[in-house]
Amino acid sequence: MKTVSLHKIYMVLFILAGFMTIAFPGMAEGDLTQKVQAAVANAEYRYNEKTHSVIFQIDTELTNNSDKSLMEIEYRIHFLDENGEEMDYAEATFNGQDTPLKPGDSTVHYRGGQFYSDVIPSRISYEILNVTTEEEMPPIHVPKAGELVYQVLNDSNLQNIIEEPPVSVELWIDRGGARDEGILETPEDIAEFVKAFTKVRIAPEPGEWVTDNYNGLCMTFANGDTYWISLLLCSLEYNIYGEWYVFKLLDAEDFWEIMYERTYPANY
C-alpha cells in the first residue's frame, strides 16, 4: 500500500465497477437485506496532513432486487487496505422521502466524512444493515413551489384547518436570543390567523439557513392534537424522516403581520 506523504495532499479518484455486499450466516431466506445490492458508483479520497485523516466522498449505487418497494436502506461502508483488512467504516441511510425504491430500480446515495489514517483505502465492501418497506414507512410528500403550506405538511388537522380551526395558537419570535411571545385564543383572533395562514405558499427558490432567529408557532386543536411549525427567520423549516428542508414563503405578508404584532417581550 502506498503511504501518503505528510507534506502533500493527494486526490485519489476511483470509479469502481466491482462491489461486495456482506451477508451473515443465520439470515432468514426472506430477509430483505439480502435483496439489496450495493456497488461503488464513485469514490473520492483526499488526505489531510494537518489531521492525519482521509476525507472521503462516496457515491453508492443501491439496487432493489426484492419484490417490495423500499423506503429506507441502512448500510455500512467498509474501507479496506491492500490486504483486505478493514481500516475503518462509515454508516449511511438512504431514505426515499416521497419516492420509495421500486423493485428492480437503482438509486445513487452520497456519504461523505473522514477517518484517521495515513493511507488511502484500496477498496470498499458493503454491508446492508436494515431495510424498511413502503408499507412500514409510508412516503411523505415533499412540498413543491406554489403549493399551499397548510395542505402539504402531512397533517390532517392542518388540511382541515378551515373547517375545524385550532382552539389556540402560540406564537414566538426569536430576536437573537431575546424572545417575543403571544397566544391567540378568541374566535376572532383565530379566524384572522387562519385566513392569513391558509394563503401562505411555498416559493420556487429555497429558504435560507440562519441562526439565532428560531421563530415558530404551535397550534392546538379541539381533539387535543398539537402541531408545531418551525421558522428560520422567514423561512419554513420542515423535517421528513430525518432530512431537513428550508422553504422560502410566498403570500405571507398577513401571516407575518400577525406574528410580529401579536407577540411581546417574554417576561421570565
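Per chain, the residues get numbers from 1 upward, laid out in the order the sequence is written. Side-chain atom pairs in this predicted model are given and counted only at pLDDT of 80 or more, local residue features only at pLDDT of at least 70, and totals for whole chains, interfaces and linings cover all residues. No hydrogens and no water enter the side-chain calculation; it runs on all heavy atoms of the structure.

### Some remarks on the overall build of the protein chain
- In this text, helices come from DSSP runs of H or I with a minimum length of four residues, and strands from runs of E with a minimum of two, each type numbered from the N-terminal end. Secondary structure assignment for the protein chain yields four helices and 16 strands.
- Relative accessibility decides the category of a residue: with a 1.4 Å probe and only protein chains considered, values under 20% of the type maximum give buried, values over 50% give exposed, and everything between is partly exposed. Relative to its full complement of 268 residues, the protein chain shows a buried share of 43%.
- Restricting to contacts in the protein chain with at least 6 residues of sequence separation, those with at least 24 account for 71%.
- Summed over all atoms, the accessible surface of the protein chain reaches about 14400 Å², with 50% contributed by carbon and sulfur. Throughout, a contact is declared for two residues whenever any of their heavy atoms are within 4.5 Å. What sets the accessible areas is the Shrake-Rupley method with a 1.4 Å probe; for residues, cover comes only from the shown protein chains.

### Topic: the pairing of strand E9 (residues 168-175)
- Burial analysis of E9 places six of its eight residues in the buried class, the great majority of the element.
- For two strands to be treated as a pair, DSSP must find no fewer than two bridges joining them. Here E9 pairs with strand E12 (residues 214-220) via five bridges, running antiparallel. Each residue of the ladder has a partner; that of Trp 172, found in E12, is Gly 216.
- As paired elements, E9 and strand E10 (residues 178-184) share seven bridges and run antiparallel to each other. Bridging across to E10, Arg 175 finds its partner in Ala 178.

### A short note on the sheet that holds strand E11 (residues 201-206)
- Strand order in the open sheet formed by eight strands is E11-E15-E14-E13-E12-E9-E10-E16, and the pairing between neighbours is antiparallel. Edge strands, defined here as strands with exactly one partner in the open sheet, are E11 and strand E16 (264-265).
- Orientation is described by axes fitted as lines to C-alpha atoms, over the contacting stretch for helices, and by angles from 0 to 180 degrees between their N-to-C directions. On top of the sheet, helix H4 (residues 253-261) reaches E9, E10, E12, strand E13 (226-232) and E16; it is set at about 80 degrees to E9, its chief contact.

### Structural notes on the pattern of salt bridges
- In the sections that follow, a salt bridge refers to a side-chain nitrogen of Lys or Arg positioned within 4 Å of a carboxyl oxygen of Asp or Glu. Evaluation of the coordinates by the stated rule reveals 10 salt bridges.
- Across the salt bridge formed by Asp 254 and Lys 199, the nearest N and O atoms sit 2.4 Å from each other. Pair noted here: Asp 254 is in helix H4 and Lys 199 is in the loop between helix H3 (187-197) and E11, with a separation of 55 residues, a long-range link.
- Owing to a relative accessible area of 36%, Lys 199 belongs among the partly exposed residues under this scheme.
- For Lys 248, the salt bridge goes to Glu 205, with nearest N and O atoms at 3.3 Å. Taken as a pair, Lys 248 in strand E15 (residues 243-250) and Glu 205 in strand E11 lie far apart in primary sequence, 43 residues in all.
- Residue class for Glu 205 comes out partly exposed when judged on its relative accessible area of 36%.
- Several salt bridges converge on common partners, so that one network encompasses Arg 76, Glu 91 and Glu 127.

### A few points about the confidence of the model for the protein chain
- Here the protein chain averages 89 in pLDDT, and 88% of its residues register 70 or above.
- Per-residue confidence from the predictor is reported as pLDDT, which spans 0 to 100. Counted against residues more than four places away or in other chains, residues 1-29, with its pLDDT under 50, gives 69 contacts.

### A closer look at the environment of Pro 204
- Take Pro 204: it is sitting in strand E11.
- What Pro 204 contacts, discounting residues up to four positions off in sequence, is Ala 145 and Leu 250.

### Points about the packing of aromatic side chains
- Side-chain rings of Phe, Tyr and Trp (the six-membered ring for Trp) are treated as a pair once their centres are within 6.5 Å; stacked means planes under 30 degrees apart, edge-to-face means over 60, and tilted covers the remaining angles. Under the counting rule described, the total for this entry stands at 12 aromatic pairs.
- Consider the rings of Phe 193 and Phe 197, whose centres lie 5.5 Å apart with planes at 10 degrees: the pair is stacked. Of this pair, Phe 193 and Phe 197 both sit in helix H3, four residues apart, roughly one helical turn. Like Phe 193, the residue Phe 197 is buried in the burial classification.
- When the ring of Phe 193 is compared with that of Phe 255, the centres are 6.4 Å apart and the planes differ by 55 degrees; the resulting orientation is tilted. Of the two residues, Phe 193 is situated in helix H3 and Phe 255 in helix H4; the sequence distance between them amounts to 62 residues.

### Comments concerning the environment of Glu 243
- By the element assignment, Glu 243 lies in strand E15.
- Between the C-alpha atom of Glu 243 and that of Asn 95, which follows or precedes it by 148 residues, the distance is 8.6 Å.
- Residues within four places of Glu 243 in sequence aside, it is in contact with Gln 97 and Tyr 238.

### Some remarks on the nonpolar core
- Definition used in this section: a nonpolar core is a set of buried Ala, Val, Leu, Ile, Met, Phe, Trp, Tyr and Cys residues joined via side-chain atoms within 4.5 Å. Among the nonpolar cores identified, the biggest contains 36 residues, and Phe 193, Phe 197, Leu 217, Met 219 and Phe 255 are the most heavily contacted of them.
- Counting only elements with at least two residues in this core, the list comes to helix H1 (149-152), E9, H3, E12, E13, strand E14 (235-240), E15 and H4.
- Examining the composition of this core, we find that five residues originate from one element, H3, more than from any other.
- Non-local contacts of Phe 197, meaning those with residues more than four positions away in its chain, are made with Val 149, Tyr 150, Leu 158, Ile 161, Met 219, Ile 229 and Phe 255.
- Ranked by size, the runner-up nonpolar core spans 26 residues in total, among them Ala 38, Tyr 75, Leu 101 and Val 131.

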